[in-house]
Amino acid sequence: MDTEAELPKRSTARHKCVACYKQFKRKDHLIEHMKISYHSVHQPKCAVCQKLSKSFESLREHLTGPLSKAHCSGIFSDRGCNLCMNIFDSPSSLIKHKEACSLSAPVPFEKTLSNAESQKKISGAIDEKRTCRGPKAVAMDCEMVGGGSNGTLDLCARVCLVDEDENVIFHTYVQPQLPVTNYRYEVTGLTEEDIKNAMPLKEVKDKILEILNNGESTGRLMLDDGKARLLVGHGLEHDLDSLRMNYPDHMLRDTAKYRPLMKTNLV
């Protein structure tokens, strides 16, 4: 018995990441984690324990999920806002905050513009007043309909560009290059009537490049961006493929590849 008592106890020390609190048995595993984790001050943070999360989804799991931390969850349930995930000093402060913290229902695009302005945007005209101001970045989004026998082939049917102040620069319906077999109306809101006399894809592509290049030649743009504009979007590679368009990688800012916005599994 004495011999057993004299045996050294196995070390159970754990190495914990100071940002996300993930624990490792070996120090070199922690070091490897820190090299690839890309922890950032922009990541969502628990206001109780200060733990960083990869996304708001994982922060919500930490505070309200089935495996949430009891201490953090208890405080959040009393004084936390379920929308912005912030925690306040008192329930009364939370009530006052909730009066302003809300999301309004989305408004259909055409209803945000006057009739004349809507027709101008939907016809594919470029708003010279917006482009001449020289925004450094332009955001783009495309709406896809389905082609092919089962409607799973993505075809660009609508595209919109906005400047840094969310003013519409260019907006038009696009004529798909293949027959449409699924308009995906529940998601796109598009019908056969919308794209009957839509702008040809090549013309749409030329107008978008005219906005993005901002007077720069293609050769200059590949070497030095000069006056050309950054292109911002979500899943830009998919949008550019659907437009049959190329733009230099160093001029792209894709939120789908921005790590602080990714889920915990980096998808």
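Each value, and the rule that gives it
Residues numbered from 1 in each chain as written. Predicted model: local features only at pLDDT ≥ 70, side-chain atom pairs only at ≥ 80, totals over all residues. Heavy atoms only, no water. Buried < 20%, exposed > 50% of the residue type's maximum accessible area, 1.4 Å probe, protein only. Helix = DSSP H or I, 4+ residues; strand = E, 2+ residues; numbered from the N terminus. Pairing = 2+ DSSP bridges. Disulfide = S-S within 2.5 Å. Core = buried A, V, L, I, M, F, W, Y, C linked by side-chain atoms within 4.5 Å. Contact = heavy atoms within 4.5 Å. Arc of directions from axis to C-beta. Phe/Tyr/Trp six-rings, centres within 6.5 Å; stacked < 30°, edge-to-face > 60°. Lys NZ or Arg CZ within 6 Å of the ring centre and 35° of its normal. UniProt positions renumbered as here; feature names shortened; annotations may be inferred. Axes fitted to C-alpha atoms, helices over the stretch in contact; angles between N-to-C directions. Parallel < 35°, antiparallel > 145°, perpendicular 65-115°, else oblique.

As recorded by an unreviewed UniProt entry, the protein carries the name C2H2-type domain-containing protein and is attributed to Citrus sinensis.

A. Representation of the pairing of strand 4 (residues 153-162) in the model. Where burial is concerned, most of strand 4 is hidden: seven out of the 10 residues are buried. Across nine bridges, the pairing between strand 3 (residues 137-147) and strand 4 is antiparallel. Note on strand 4: the bridge partner recorded for Asp-141 is Cys-160. Adjacent in sequence and paired antiparallel, strand 3 and strand 4 are bridged by five residues, among which Gly-148 carries a positive phi angle near 85°. Inspection of the sheet shows strand 4 paired to strand 5 (residues 168-175) by five bridges, in the antiparallel sense. For Val-162, the partnering residue across the bridge sits in strand 5 and is Val-168. Between strand 4 and strand 5, which pair antiparallel and follow one another directly, the connecting turn spans five residues, one of which, Glu-166, has a positive phi of 65°.

B. How the structure looks around the pairing of strand 5. Of all eight residues that make up strand 5, seven are buried, and the element is covered over most of its length. As paired strands, strand 5 and strand 7 (residues 199-200) are joined by two bridges and run parallel to one another. Counterpart to Val-174 in the pairing with strand 7 is Met-199.

C. Molecular detail of the state of the cysteines. A full pass over the atoms with the stated rule returns zero disulfides. Not part of a disulfide, Cys-101 finds its nearest cysteine sulfur in Cys-81, a span of 3.8 Å. Free of any disulfide, Cys-142 has its nearest cysteine sulfur in Cys-156, 4.0 Å distant. For Cys-142, a relative accessible area of 8% puts it in the buried group.

D. Local environment of the nonpolar core. Within the largest apolar cluster, 25 residues are counted, with the highest numbers of intra-cluster contacts made by Met-140, Val-159, Phe-170, Ile-208 and Leu-243. Looking at this core, the elements that each hand over two or more residues are strand 3, strand 4, strand 5, helix 9 (201-213) and helix 11 (236-242). Per element, the largest residue contribution to this core is six residues, and it comes from helix 9. Sequence-distant contacts of Ile-208, defined by excluding residues within four places in its chain, comprise Met-140, Val-159, Leu-161, Phe-170, Leu-243 and Met-245.

E. The arrangement of helix 4 (residues 70-79) in detail. Residues Cys-72, Ser-73 and Phe-76 constitute the buried set of helix 4. Along helix 4, the residues classed as buried sweep out an arc of 95° about the axis, all on the same side. Exposed residues on helix 4 whose side chains face more than 90 degrees from its buried face are Ala-70, His-71 and Asp-78. In this structure, the buried residues of helix 4 make contact with helix 3 (56-64).

F. Representation of the packing of aromatic side chains. This model, assessed by the stated rule, comprises zero aromatic pairs. It is Lys-16 that lies over the ring of Tyr-21; its NZ or CZ is 5.1 Å from the centre.

G. Quick look at the UniProt feature "domain: C2H2-type" (unreviewed entry) in the protein. Residues annotated in UniProt with the feature "domain: C2H2-type" (unreviewed entry) correspond here to residues 15-44. Helix makes up 37% of residues 15-44 and strand 13%. Its end C-alpha atoms lie 23 Å apart.

H. Region of the structure containing the packing of helix 3 against helix 4. At a minimum axis distance of 7 Å, the contact between helix 3 and helix 4 shows a crossing angle of 95°. Here helix 3 lies roughly perpendicular to helix 4, going by the angle between them. Contacts between helix 3 and helix 4 pair His-62, Leu-63 and Thr-64 from the former with Cys-72, Ser-73 and Phe-76 from the latter.

I. The arrangement of the environment of Ala-256 in detail. You can see Ala-256 is positioned in the segment after strand 9 (252-254). According to the relative accessible area criterion, Ala-256 is partly exposed, its value standing at 31%. Separated by 23 residues in the primary sequence, Ala-256 and Gly-233 have C-alpha atoms spaced 8.0 Å apart.

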